[in-house]
Structures are given as structure tokens and as C-alpha cells.
Amino acid sequence: MSVLQKAIESGEFAVTAEMAPPKGTDFSEQLAAARLLEGKVHAVNVTDMQSACLKASSLGLCVHLKQAGLEPILQITGRDRSRMAIMGDVLSAASFGIDTVLALTGDHPAVGDCKDSKPVYDLDSVGILRMLSNMEASGADCGGNPLSGGAPRLFKGAAVTPVYDPRPLQINKLRQKVEAGARYIQTQGVFDLEQLEGFLEDVAKAGINVPIMAGIIPLKSAGMARFMNENVPGIAVPEEMLARLDAAAAEGKEKGVKGLPAKLGMEMAAQMIAEIRGKKLCPGVHIMAIGAEKNVPAILDMAGVHILP
Amino acid sequence: MIITQKKPAEELLAMLEGVTKVAIVGCGQCASACQTGGEKEIAEMKTFLEEHGMEVVGTVLPDECCHKLLMKRELKALKDSGAEAIVGMSCGDGVQTVADNMLIPVYPANNTMFLGQVERVGMFNEYCHMCGDCVLGSTGGVCPITKCAKSLVNGPCGGQKNGKCEVNPENDCAWILIYKRLEALGQLDKLGQTRPDKGYAGVAYPRHINLREKKS
Ligand code: SF4
Ligand code: SF4
């Protein structure tokens, strides 16, 4: 059974991190970060050319992580692969013991760094989940033909953006994802827990019952936060956080100390994680450190979160 | 309407390299409305080709260029014209229909862009991708296949920012349009309807429809 599934179903506070494959063939940085994450998180999402920027494929890093003793989550977008290619990748992944996946629609090539690439979108997030659920239920492939040895059992997840207007539209899509087979959800990075709470209440009111892990992005600086506010859909870092980061930068300048804003960002992330756990807002968190995966263990320490061995 | 745009002049001239006698075929329908193949554009093309040393031996402006039998009749006027090539000022369908009727090269003067709405003179918006299985009935009359940059049928991606699409911030997010329209129509329940996956088996092209085929 999927390690993440076990954690969530046993009621343990679930923790996932996230990593991107390299733009090239040298995976050593990722594997070094993986060693630090071992025993600290239940699983590690491996992104599928996030922001439509070309990287080595998700499956490749997933296999590396699995062989290094971590539990990878295969992120699958519909952007570059037809249903056949997606199913083929999932079968290959399963043969390596990779049994946890996250289905996404995927950012459009137009926003990425290989703009001439053909957008596929044979299936969107809901379609991918539905196809994999059908595969498991029927033991057959996407054309209805039997799979030799039957279908792999997968723990399937999806993403949601709590900061979205109109909210009912987002909640409706979430419902479709759950109906299509999503058994866990990870949110876009959240910064305002009251906002998150309101969103979760509306999800519950809509009768949707699925574990939703809060997305946590440790901020590195006010500049990064402002950039994300401007450019990343669904990200809304509150003014108060920006002001604290600005103050930390000013303090660092005055004292001649480097890295104060990033340190504060880690503290704020830890604080949010502790609060989410303390108030039982969410059954887990998903930490997106965006290249600073080595900081994840320290953030979890500060939050007082230690996963069971 | 099929929306067309003029090709760059140099591209057309390159295709016509070595041609001395040429004929022009326009189209009285879409290409006239798009100002790419009507009377005025044909006259301009004639002048342009003559300026580049070609003799224009005939011009034809049929009611519609995509009608094979009609074109067979219309093109008789060019049969003995001595034209070595034809400049087709219609959509790609029209150019091919001319070619179906004449065994000389037919060169497109236009790029065929999309099936769209004429918002007003000279302003066109892409409206339908001819997906073969129209879903407008459940989307408030807003096409998610065409107006969503990813052709998503199950609701939006997370990429909209202030109601605008992640792919082109000049475009409204189709799913927010759909939501607003369904809300205004009192049909928000339709948002919850699951759309079965249509797949792509039914849209392998080229497709044909024959209303005369006997029902079996
Ligand atoms: S759903 Fe859209 S693309 Fe398909 S037929 Fe209807 S309008 Fe055209
Ligand atoms: S932002 Fe809206 S229109 Fe653009 S791709 Fe996403 S769902 Fe489609």
C-alpha cells in the first residue's frame, strides 16, 4: 500500500515535499536533497515539467528516489502526453513500485520555455483520474483491452487552488476530481489560514469528503513573495507577511547579516504548519520549497512535526 | 464563417516564381467578408501581379468557392485563358475545390485561420473548433473547446488570474464565462453534470458526410 495512503488513513499527520528533476542528466543535487528528506516526509512529489519548463521526466527522478529509499509521488499532467502515453508511464512506474500519483491538467506550453511544443490535453486532471480508476476497476487499458497481470493499485491525488474566484467553480472541479478517484488533495501554496479555513468549510458544505493537505511555500524574500503574488495563479501572500519580510531584510542590512528574510520565511512556514496541525485544519501538509528542499527538515523540526518511522 | 488572412506578398510571389500568365479566383462568401477575396481584393491582386510582371488572364468571383459543382461551372471561364497558375483568394477549402477542377497549380493567397464570429467589420473571433460533438447545451452556450486554451471540458484549470486566461491575458477564462452565463441563466446545476469522455476515435480525419447514403 502507498506509504502516503497508510499515513493518511492511520490518522498520522501526513507530510510531503516536492522536487523537480534537473534540466539535464545530472540528478546528484536531487539525490543529495533526497538523503536529507529520508525519514522526514512520507513522500516526495516529483513535478512534471512545472510551469511548462523542460526538465528530465518525472518518471526518471521517481525511479531514482524509489531506488534511494524514498517514496516518490509521480506527478502526471495532460499537457504533453496522450492517454496512451500516460498509461504507459504509470505502468512503468508501477513496475518500480511507484504507487502514488498526482494528476494535474498542466500549465500551457505558451507560458513555458519550449513554446513551440504541441499542447496535448487529450485528458485533463479529471480525465486522467477517471482513466486510472477505470483501469483499476476493470483491469483493462484505455482501449478496454486486458492488461497482463492486471492493473496496478494506485493512490491517486489531485490539486486544488483555495484562492480562486468564483469559488464554487473551483469546488465543483474538486468534486469532479474526487468523483473521478482522487483520494487525497494537495493545495496550492496557502499563506492565509483564515482564508483556507473558509475554503475548507465550503468544501465540507458541498459534501466533499477527501483529505486535503495544505500547500506550504517557505518564502525566501519579500521580492519572491511579490513576484508570486503578481505572476503565480492562486498565490496571495498577505501584506502583513510582506512587511515582516521587508523588516527582516532591513534588519539584515543594518546588522550586516545575510539570509534573515529566508530564515523568517522558514519560521513563518513552520508556524503555519504547527497551527494547521494544532487546529486540525488539515490532515497533513505539502511543502514546496522550490529548490530549497534541504530546508524542509529544519522547518518540520521547528513545527514540531516528526513522522513515525 | 471561415476567417482568412492575407499571406505576406513575398510568400505568394515565391510560389509564383516563373509564372507569366495567371488567373485569380476569389470567393463571394467568407473571403469577401474577411476582405481577402472579394471584388476589391481581386482588383488589388490583379494590379499587384501586373506590377510584378505577370499577365492576369482572367478573374472569377464565384458565390462560394467551396462548392465543387458550382466551381466546375464558374471555372469554365478560365479553361482556355492560357493561365499557367491560379491565385486562390479564398479559404483552403476553396483553393482545393478550384484545384479539384483544374489541372494547373493553384496557389493560396490567404492563410485560413479559424471558424469565427464577425464581431463587426474587420473584427473576427474564433468561436468553434468543429469538435463533432457539441457541448454548448451544458455550458451556457460558451464553447469550452474553443474559448479555453486547453479545451478543458470538466471545468477550469487553476491558471486564471483576475478572470483572464493563463495562456493569453487578453482572453477571458472560458470557464469563468461559462460559470457567469450559467448563473445568469439559472442553470448552475449544469456545472455539476459530468461529461463523459468523448475520446478522439470519432474525429479521425478526413471526415465525410453523405445524406444520400441508404440507411442500413
Ligand atoms: S462544442 Fe464548441 S467546438 Fe464543439 S461543435 Fe460546439 S461550438 Fe464547436
Ligand atoms: S485559464 Fe481558463 S481558459 Fe485558460 S486554460 Fe485555464 S481554464 Fe482554460
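Residues numbered from 1 in each chain as written. Chains lettered and ligands numbered in written order. Predicted model: local features only at pLDDT ≥ 70, side-chain atom pairs only at ≥ 80, totals over all residues. Heavy atoms only, no water.

Attention now moves to the site of ligand 1. With respect to spatial proximity, the complete set of residues near ligand 1 consists of Cys128, His129, Met130, Cys131, Cys134, Val135, Leu136, Cys143, Ile145 and Thr146 of chain B. Taken together, the residues of the shell around ligand 1 sort by class into eight nonpolar, two polar and no charged. (Near = heavy atom within 4 Å. Nonpolar A, V, L, I, M, F, W, Y, C, P; charged D, E, K, R; others polar.)

In this section: helix H10 (residues 260-278) of chain A. Residue and element names in this part refer to chain A. Over its 19 residues, H10 runs 26 Å from end to end, which matches the ideal 27 Å to within 8%, given 1.5 Å per residue. Among the residues of H10, those classed as buried are Leu260, Pro261, Leu264, Gly265, Met266, Met268, Ala269, Ala270, Met272, Ile273 and Ile276. On its buried face, H10 is in contact with helix H7 (193-205), strand E7 (212-216), helix H9 (239-255), strand E8 (284-287) and helix H11 (296-303). Count one or two residues on from H10 and you reach Lys280, which has phi positive near 55°. (Helix = DSSP H or I, 4+ residues; strand = E, 2+ residues; numbered from the N terminus. Expected span 1.5 Å × (residues − 1). Buried < 20%, exposed > 50% of the residue type's maximum accessible area, 1.4 Å probe, protein only. Contact = heavy atoms within 4.5 Å.)

Moving on, we get to the site of ligand 2. In the vicinity of ligand 2, the residues found are Cys148, Ala149, Lys150, Pro156, Cys157, Gln160, Cys165, Glu166, Cys173, Ala174 and Trp175 of chain B. Broken down by class, the residue content of the shell around ligand 2 amounts to eight nonpolar, one polar and two charged.

Looking now at the packing of H10 of chain A against H11 of chain A. All names here are of chain A. Viewed as axis vectors pointing N to C, H10 and H11 meet at an angle of 50°, and their least axial separation amounts to 8 Å. By the criterion of interaxial angle, the relationship of H10 to H11 is oblique. As for how H10 packs across H11, the hand of that crossing is right-handed. Residues Met266, Glu267, Ala269, Ala270, Ile273, Ala274 and Arg277 of H10 pack against Ala298, Ile299, Met302 and Ala303 of H11. The residue inventory of the contact of H10 with H11, partitioned by class, reads nine nonpolar, no polar and two charged. (Axes fitted to C-alpha atoms, helices over the stretch in contact; angles between N-to-C directions. Parallel < 35°, antiparallel > 145°, perpendicular 65-115°, else oblique. Left-handed = near helix turned anticlockwise from the far one by under 90°.)

Another point: the side chain of Asn45 of chain A. Residue and element names in this part refer to chain A. On the secondary structure map, Asn45 appears in strand E2 (residues 43-46). Among the residues examined, Asn45 registers a relative accessible area of 0% and is labelled buried. Of the polar contacts made by the side chain of Asn45, one reaches the side chain of Gln75; its length is 2.8 Å. Here the side chain of Asn45 touches Gln186 through a polar contact of 2.7 Å, side chain to side chain. What Asn45 contacts, discounting residues up to four positions off in sequence, is Thr16, Ala17, Glu18, Met19, Ile73, Gln75, Leu102, Gln186 and His286. (Polar contact = N/O pair within 3.5 Å; in protein donor to acceptor, adjacent residues only side chain to side chain.)

Here we take up the pattern of salt bridges. All names here are of chain A. Scanning the model with the defined rule gives 24 salt bridges over all chains in all. Two residues, Asp89 and Arg81, come together in a salt bridge whose shortest N-O distance is 2.9 Å. Asp89 sits in the partly exposed class, given a relative accessible area of 24%. Classification of Arg81 by relative accessible area gives buried; the value is 12%. One salt bridge connects Asp246 with Arg226, and the closest N-O pair in it is separated by 2.7 Å. A residue pair is termed long-range when its members are at least 10 positions apart, and Asp246 in helix H9 and Arg226 in helix H8 (residues 222-231) qualify at 20 residues. (Salt bridge = Lys/Arg side-chain N within 4 Å of Asp/Glu carboxyl O.)

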